[in-house]
Each structure stands twice: as C-alpha cells, then as structure tokens.
Amino acid sequence: MSGIDFQAVREAVPLAQVLGLVGWSPSWVKGQARRGSCPIHSARPHGSRIFAVDGNRWYCHQCKRGGDCIDLYAACKGLSLFRAAAELCDTLPRGRRAVRPPPAEQEEER
Ligand SMILES: [Zn+2]
C-alpha cells in the first residue's frame, strides 16, 4: 500500500486552501477566526455562522464534527481520509507553493 504522510499533507495544505477548493467563503471574520455556512451541509443558508474556522482547525456546530484540512475535504467529498489526502496531494502537488492562497489568507503564512 502506497503510503501517504498525513502529517506532511496537513502541514503542506492550509485549511484555507481546502475551504477554497470546496467553495466555502466566510460570512464573518475576526483575526484567524472565521465563520460561515457549513460546506458539508451546503443546504444551510449562506450567512449562517454554524461553521467555525480557527487557524487550521474547523468545527461545525450543526453536525458536531471538526478536524483539519484532510478531515474537511473527506467530509465534503464523501471520501475516506486516505482518498482525501491522496486527492489533496494530486490537486496541490507542491503543497502551498502550488496554489496561491486567497487574498484574505496571505498574511497568515506562519
Ligand atoms: Zn455541518
């Protein structure tokens, strides 16, 4: 079984980038904290604040789940964590250098 270094993927892929991939944008921003509708339950009306992002972690108050970039991608796409990590590697072959973060994220580089 080909190995995926989950830790390396987590470090290489900012959560903000995955949020961009799944088409999420916050309706509320304060420092590193962002809130908006839940990308997993996309039926939620936009403008809701049930989905919270803080740095590289997220939590949805509606579905009571949270995690990191791989967990989010897996949940949104209905993939296993392994498949999600593999797709993220495919989509972003050189991690954060391959794709520019959205404008709001640029000053959050560590
Ligand atoms: Zn949710």
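Only a predicted model underlies this, so the values are computations on that prediction, with no experimental measurement involved.

Draft legend 1. Region of the structure containing the sheet that holds strand β2 (residues 33-36). Strand order in this open sheet of 5 strands is β1-β2-β3-β4-β5, and the pairing throughout is antiparallel. Edge strands, defined here as strands with exactly one partner in the open sheet, are β1 (28-30) and β5 (65-67). For this sheet, the mean inter-axis angle between neighbouring strands, taken without regard to orientation, is 10°. By the bridge criterion, 4 bridges tie β2 to strand β3 (residues 51-54) in an arrangement that is antiparallel. When the bridges of β3 are listed, G36 appears paired with F51.

Draft legend 2. Helix α4 (residues 81-91), seen in detail. Inspection of α4 places A84, A85 and L88 among the buried residues, and these make up the whole buried set. Projection of α4 onto a plane perpendicular to its axis shows the buried side chains occupying an angular sector of 95°, all on one side. Those residues of α4 hidden inside the fold are in contact with α1 (6-12) and α3 (69-77).

Scoring rules and cut-offs
Residues numbered from 1 in each chain as written. Predicted model: local features only at pLDDT ≥ 70, side-chain atom pairs only at ≥ 80, totals over all residues. Pairing = 2+ DSSP bridges. Helix = DSSP H or I, 4+ residues; strand = E, 2+ residues; numbered from the N terminus. Axes fitted to C-alpha atoms, helices over the stretch in contact; angles between N-to-C directions. Buried ≥ 20, exposed ≤ 12 C-beta atoms within 10 Å, placed from the backbone. Arc of directions from axis to C-beta. Contact = placed C-beta atoms within 7 Å.

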